[in-house]
Amino acid sequence: MNKLTFREKYSYGIGALGKDLAYAIVSTYLMVYFTDAVGLNPAFVGTLFLVARLWDAVNDPAMGMLVDNTRSKFGKFRPWIFIGTVLNALVIVFLFRKPDLEGLPLYAYFSIMYILWGMTYTIMDIPYWSMIPSLTSSKEEREQVAVIPRIFASTAWLIMGTFGLSIIKKLGNGNVVKGYSAFAVVIAVVFVIATIITCLNVKERVETPKNAEKVSFKQTLNIIRKNDQLVVFIGIVLGMNLIMQISGSMAIYYFTYVVGKESLFSVYQAFAGIAEISGLVLLPILTKKIGREDVFKFGSILPIAGFLLLFVAGIVAPQNALFIGMAGAILKLGSGFLLGSTTIMLADVVDYGEFKLGTRNESIVFSVQTLLVKGASAVAGWLVGVGLSLVGYVAGEVQSSTTILGMRVIMIWIPIACAVVMYAIYKSKYKINGKFHDEMLVELEKRKKVNDAI
């Protein structure tokens, strides 16, 4: 099989830039937009985030099943990537546009828009990541191609976190609601253009057998249940996403009200974003030198160190930009190692499913990742929204000492606990490494040759 070209690899990565810009504007700013710009109750917003994701427990695996059962001349991934992008881009525009409504109708409008956002994002995100195992069967090339979209995705988060607030203020010209609305339109356009580049230049290479059996919803649930390494992976990725999403959702509140200087949010995000990209770039090099297991270990330890530095800085020198930047950099360097590692792991889990169960089911397996990302986002949103209400947060006001303590717990100590649990699961349960992984790949290659000979 010919190696992937530069054009294919980076066209695929550009798709991640667009889709993560679209996700980042929602993940980073939607809660503060709802609570501080539109005026919705924080506890309601947090509960909405959680309820919407409960629907995804059905919606995401069902989408994975639909993609796996798709047969078209454009493949089974690209049609859904394009359709989902167009729909999600439209929803984002309306999600950040405040209608002329008040009270219950206003709450109902944003509830519907947020649920639609989650559903339409699923349509494109699952097939996008599901393409990785179909692009190449080479272990080394897969490690490269898995990292490239993550670098583009991290660049999107760097742009959003570092420049988002200033762009919103510039576009709004004193009207923050107008600024969010205009920024959402810009992001939607970039999203569509990036996806078009991906769909035109990237095609499947490892094809699904033409006689492959179509999968029912019951079989979908069984595939998830019987793939023991997928179940382990669920615990690992849920922990990783809770670390990043809880701190990510809380960060803008933390720097505005606990640190007392909103502009430091951009400093923190800039250092963090550059460090995360550095982690992704270093991942293939470190993986070859010290192995996947040690890279994952460092990826688990560094966020804990970053949060502890942020905590100490908050007491000793709360507005020291250097300390805050260093904390963000250490934290997100680890995040880069984890993001790259788990993307490679998920492709390996697809292979493991074929090894154990005899079927590849890329989209069903990758639908679990989308569900976990959005599930963690929901838990994070709920925790932040309800947590802010419980600790007495009042938008736009000076917060009490009790409220500030509560904010520190949400921003720092809960993510540290998630990091500890995540690594414990990986260390004790994940086995697709080293000798077993090599033997598994050899066996799959033997089976492929036998099937080709028939």
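Residues numbered from 1 in each chain as written. Predicted model: local features only at pLDDT ≥ 70, side-chain atom pairs only at ≥ 80, totals over all residues. Heavy atoms only, no water.

**Section: the packing of helix H9 (residues 228-258) against helix H14 (residues 401-429)**
Operational definition: Convention adopted: a line fitted to C-alpha atoms gives each axis, helices being fitted over their contacting stretch, and angles between N-to-C directions are expressed from 0 to 180 degrees. The helix and strand labels rest on DSSP assignments: H or I over at least four residues marks a helix, E over at least two residues marks a strand, and numbering proceeds from the N terminus. Orientation categories follow fixed angle ranges, with anything under 35 degrees roughly parallel, anything over 145 roughly antiparallel, 65 to 115 roughly perpendicular, and all other angles oblique. When the near helix sits turned anticlockwise from the far one by under a right angle, the crossing is termed left-handed; a clockwise turn instead gives a right-handed crossing. Throughout this entry, Asp, Glu, Lys and Arg are counted as charged residues, while Ala, Val, Leu, Ile, Met, Phe, Trp, Tyr, Cys and Pro are counted as nonpolar. The remaining residues, Gly among them, count as polar.
Packing of H9 against H14 brings their axes to within 9 Å, and their N-to-C directions diverge by 160°. The angle between H9 and H14 places the two elements in the roughly antiparallel class. Where H9 crosses over H14, the two elements pack in a sense that is left-handed. Its residues assigned to classes, the contact of H9 with H14 comprises 24 nonpolar, four polar and two charged.

**Looking at the packing of helix H1 (residues 6-38) against helix H4 (residues 103-130)**
Selection rule: Any two residues having at least one pair of non-hydrogen atoms within 4.5 Å are treated as being in contact.
Interhelical geometry of H1 versus H4 gives an angle of 160° and a closest axis separation of 12 Å. By the angle class used here, H1 and H4 are roughly antiparallel. Note on packing geometry: the crossing formed by H1 with H4 is left-handed. For the pair H1 and H4, contact is made by Tyr-12, Gly-13, Gly-15, Ala-16, Lys-19, Asp-20, Tyr-23, Val-26, Leu-30, Tyr-33, Phe-34 and Val-38 and by Leu-106, Phe-110, Tyr-114, Trp-117, Tyr-121, Met-124, Asp-125, Tyr-128 and Trp-129, respectively.

**Some details on the nonpolar core**
Condition: Among buried residues, the Ala, Val, Leu, Ile, Met, Phe, Trp, Tyr and Cys ones that are joined through side-chain atoms within 4.5 Å form a nonpolar core. Partly exposed describes any residue whose relative accessible area lies between the buried limit of under 20% and the exposed limit of over 50%, with all areas from a 1.4 Å probe on protein chains only and scaled to the type maximum.
Formed by 131 residues in total, the largest nonpolar core has its most connected members in Tyr-29, Tyr-33, Phe-34, Phe-96, Tyr-253 and Phe-255. Those residues in contact with Tyr-29, other than ones at most four positions away along the chain, are Ala-24, Met-160, Gly-161, Gly-164, Leu-165, Ile-168, Tyr-180, Ile-252 and Phe-265.

**Side note on the environment of Met-160**
Within the secondary structure, Met-160 sits in helix H6 (residues 139-172). For the pair formed by Met-160 and Ala-270, sequence separation is 110 residues and the distance between their alpha carbons is 9.4 Å. Not counting the four nearest positions on each side in its chain, Met-160 is found in contact with Leu-21, Ala-24, Ile-25, Thr-28, Tyr-29, Phe-183 and Ile-187.

**A word on the side chain of Asp-125**
Convention followed: Polar contacts here mean pairs of N or O atoms no more than 3.5 Å apart (in protein, one a potential hydrogen donor and the other a potential acceptor; neighbouring residues in sequence count only if both atoms are side-chain atoms).
Mapped onto the elements of the fold, Asp-125 is located in helix H4. A distance of 2.7 Å separates a polar atom in the side chain of Asp-125 from a polar atom in the side chain of Lys-19.

**Digging into the packing of aromatic side chains**
Stated formally: Only the six-membered ring of Trp is used, alongside the rings of Phe and Tyr, when aromatic pairs are assigned; centres must lie within 6.5 Å, and planes under 30 degrees apart are stacked while those over 60 apart are edge-to-face, with the rest tilted. Both a distance and an angle decide whether a charge sits over a ring: NZ of Lys or CZ of Arg must be within 6 Å of the ring centre and within 35 degrees of the ring normal.
Tallied over the entire structure, the rule returns 30 aromatic pairs. Between the aromatic rings of Phe-44 and Tyr-107, the centroid separation amounts to 4.6 Å while the plane-to-plane angle is 75°, which identifies the pairing as edge-to-face. Of this pair, Phe-44 sits in helix H2 (residues 42-68) while Tyr-107 is found in helix H4, placing the two residues 63 residues apart along the sequence. Assessed through its relative accessible area of 28%, Phe-44 is described here as partly exposed. Ring centres of Phe-311 and Trp-413 lie 5.1 Å apart, and the angle between their planes is 70°; this geometry places the pair in the edge-to-face category. Here Phe-311, found in helix H11 (residues 292-316), pairs with Trp-413, found in helix H14; they are 102 residues apart in sequence, far enough to count as distant. Counting every residue linked through ring pairs, the aromatic cluster contains Tyr-29, Tyr-33, Phe-34, Phe-96, Tyr-109, Phe-110, Tyr-180 and Phe-265. Between the NZ or CZ atom of Lys-431 and the centre of the ring of Phe-436, over which it lies, the distance is 5.5 Å.

**Here's the deal with the pattern of salt bridges**
This is how it is decided: Within this document, salt bridges are pairs made up of a side-chain nitrogen of Lys or Arg and a carboxyl oxygen of Asp or Glu, the two lying within 4 Å of each other.
Evaluation of the coordinates by the stated rule reveals ten salt bridges. Linking Asp-20 and Lys-19 is a salt bridge whose minimum nitrogen-to-oxygen distance equals 3.1 Å. A relative accessible area of 8% places Asp-20 in the buried class. Between Asp-228 and Lys-356 there is a salt bridge, with its nearest N and O atoms 2.9 Å apart. Of this pair, Asp-228 sits in helix H9 while Lys-356 sits in helix H12 (residues 321-357), placing them 128 residues apart in sequence. By relative accessible area, which is 25% here, Asp-228 ends up partly exposed. The exposure class of Lys-356 is partly exposed, given its relative accessible area of 44%. Connected via shared salt-bridge partners are Lys-19, Asp-20 and Asp-125.

**Section: H11**
Since one α-helical turn is 3.6 residues long, residues separated by three or four positions face the same way. Definition in use: By this rule, a helix spans an expected 1.5 Å times one less than how many residues it contains.
Compared with an ideal rise of 1.5 Å per residue, which puts 25 residues at 36 Å, H11 spans 36 Å between its outermost C-alpha atoms and is within 8% of the ideal. Among the residues of H11, those classed as buried are Arg-292, Val-295, Phe-296, Gly-299, Ser-300, Pro-303, Gly-306, Phe-307, Leu-310, Ala-313 and Gly-314.

**So, unusual backbone geometry**
Residue Asn-173 is not a glycine yet carries a positive backbone phi of 50°. Looking at where Asn-173 falls in the secondary structure, it is placed in the loop between H6 and helix H7 (176-201).

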